[in-house]
Amino acid sequence: QVQLVESGGGLVQAGGSLRLSCAASGRTFSMGWFRQAPGKEREFVAAISWSAGSTYYVDSVKGRFTISRDNAKKTLYLQMTSLKPEDTAVYYCAASFRTGLTTGTTGYDYWGQGTQVTVSS
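What counts, and at which threshold
- Residues numbered from 1 in each chain as written.
- Predicted model: local features only at pLDDT ≥ 70, side-chain atom pairs only at ≥ 80, totals over all residues.
- Heavy atoms only, no water.
- Phe/Tyr/Trp six-rings, centres within 6.5 Å; stacked < 30°, edge-to-face > 60°.
- Buried < 20%, exposed > 50% of the residue type's maximum accessible area, 1.4 Å probe, protein only.
- Lys NZ or Arg CZ within 6 Å of the ring centre and 35° of its normal.
- Core = buried A, V, L, I, M, F, W, Y, C linked by side-chain atoms within 4.5 Å.
- Contact = heavy atoms within 4.5 Å.
- Pairing = 2+ DSSP bridges.
- Helix = DSSP H or I, 4+ residues; strand = E, 2+ residues; numbered from the N terminus.
- Axes fitted to C-alpha atoms, helices over the stretch in contact; angles between N-to-C directions.
- Disulfide = S-S within 2.5 Å.

Any chance you could explain the packing of aromatic side chains here in plain terms?
Aromatic ring pairs are defined here through the distance separating the ring centres and the angle between the ring planes. Following the criterion strictly, the structure yields seven aromatic pairs and no others. Arranged with centres 6.1 Å apart and planes meeting at 65°, the rings of Tyr108 and Trp111 form a pair that is edge-to-face. Using a relative accessible area of 5% as the deciding quantity, one classes Tyr108 as buried. By the ring-pair criterion, three or more aromatic residues cluster together here, those being Phe34, Phe44, Tyr56, Tyr108 and Trp111. The cationic tip of Arg27 hangs over the ring face of Trp50; the distance from NZ or CZ to the ring centre is 4.6 Å. The cationic tip of Arg42 hangs over the ring face of Trp111; the distance from NZ or CZ to the ring centre is 5.0 Å.

So what exactly am I meant to see when it comes to the nonpolar core here?
Leu4, Trp33, Leu78, Met80 and Tyr91 are the most contacted members of the largest nonpolar core, which totals 28 residues. For Leu78, the residues in contact, after removing those within four places along its chain, are Leu18, Arg19, Leu20, Trp33, Val45, Ala46, Phe65, Thr66, Ile67 and Tyr91. Counting five residues, the second largest nonpolar core, distinct from the first, contains Phe34, Phe44, Ala47 and Tyr108.

I'm lost on the sheet that holds strand β7 (residues 65–70) in this one. Help?
Working definition: the strands of a sheet are paired by backbone hydrogen bonds and lie parallel or antiparallel to each other. What the four strands build is an open sheet, ordered β1-β3-β8-β7; its pairing is antiparallel. A strand with exactly one partner marks an edge of an open sheet, and here the two such strands are β1 (4–7) and β7. The mean angle between the axes of side-by-side strands here comes to 15°, regardless of whether they run parallel or antiparallel. Pairing geometry for β7 and strand β8 (residues 75–80), over six bridges, is antiparallel. Each bridged residue has a counterpart across the sheet, and for Ile67 the counterpart in β8 is Leu78.

Is there a simple way to explain the pairing of strand β11 (residues 115–120) in this structure?
Across a regular strand the side chains alternate sides, sitting on one face of the sheet and then on the other. On β11, burial follows the alternation: Thr115, Val117 and Val119 on one face are buried, whereas Gln116, Thr118 and Ser120 on the facing-out side are not. Across four bridges, strand β2 (residues 10–13) lies against β11 in parallel orientation. Residue Gln13 lies in a different strand from β11, and its bridge partner there is Ser120. When strand β9 (residues 89–95) meets β11, the two strands line up antiparallel, connected through three bridges.

Help me out: how do you make sense of the state of the cysteines in this one?
By definition, a disulfide is the covalent link that joins the sulfur atoms of two cysteine residues. In this structure the tally under the stated criterion is one disulfide. Across the disulfide from Cys22 sits Cys93; the S-S distance is 2.0 Å. Disulfide Cys22-Cys93: the torsion about the S-S bond is -70°, which places it as left-handed. You can see Cys22 sitting in strand β3 (residues 18–24) and its partner Cys93 sitting in strand β9, a full 71 residues away along the chain.

So, to be careful, I would describe these as geometric facts and stop short of saying anything about function.
Take a look at the structure:
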């Protein structure tokens, strides 16, 4: 069983930046970030392979968000810049024992509890 704990969420003005962190209790392979806004389904944001050699982003965050990981610290990051009000959501960290990148929620085996990101206009 792998536990994931997110941190770093908060309230920020449009155009601002935040960095989310996700600490894992054990080894994982591919990892990802998802988000869920009120009344909407959980959506994929970004994914990264074990070696960090491969990353993938949803079009709406390309060029603004950067996913990275430090395997020695068992920590996943999401650097978010140029934030927009539509980025407001609960952000979830997810971990998979699969080696390939996946954008679907069913491709992940463990989930964190989520951290709230609110972007004011």
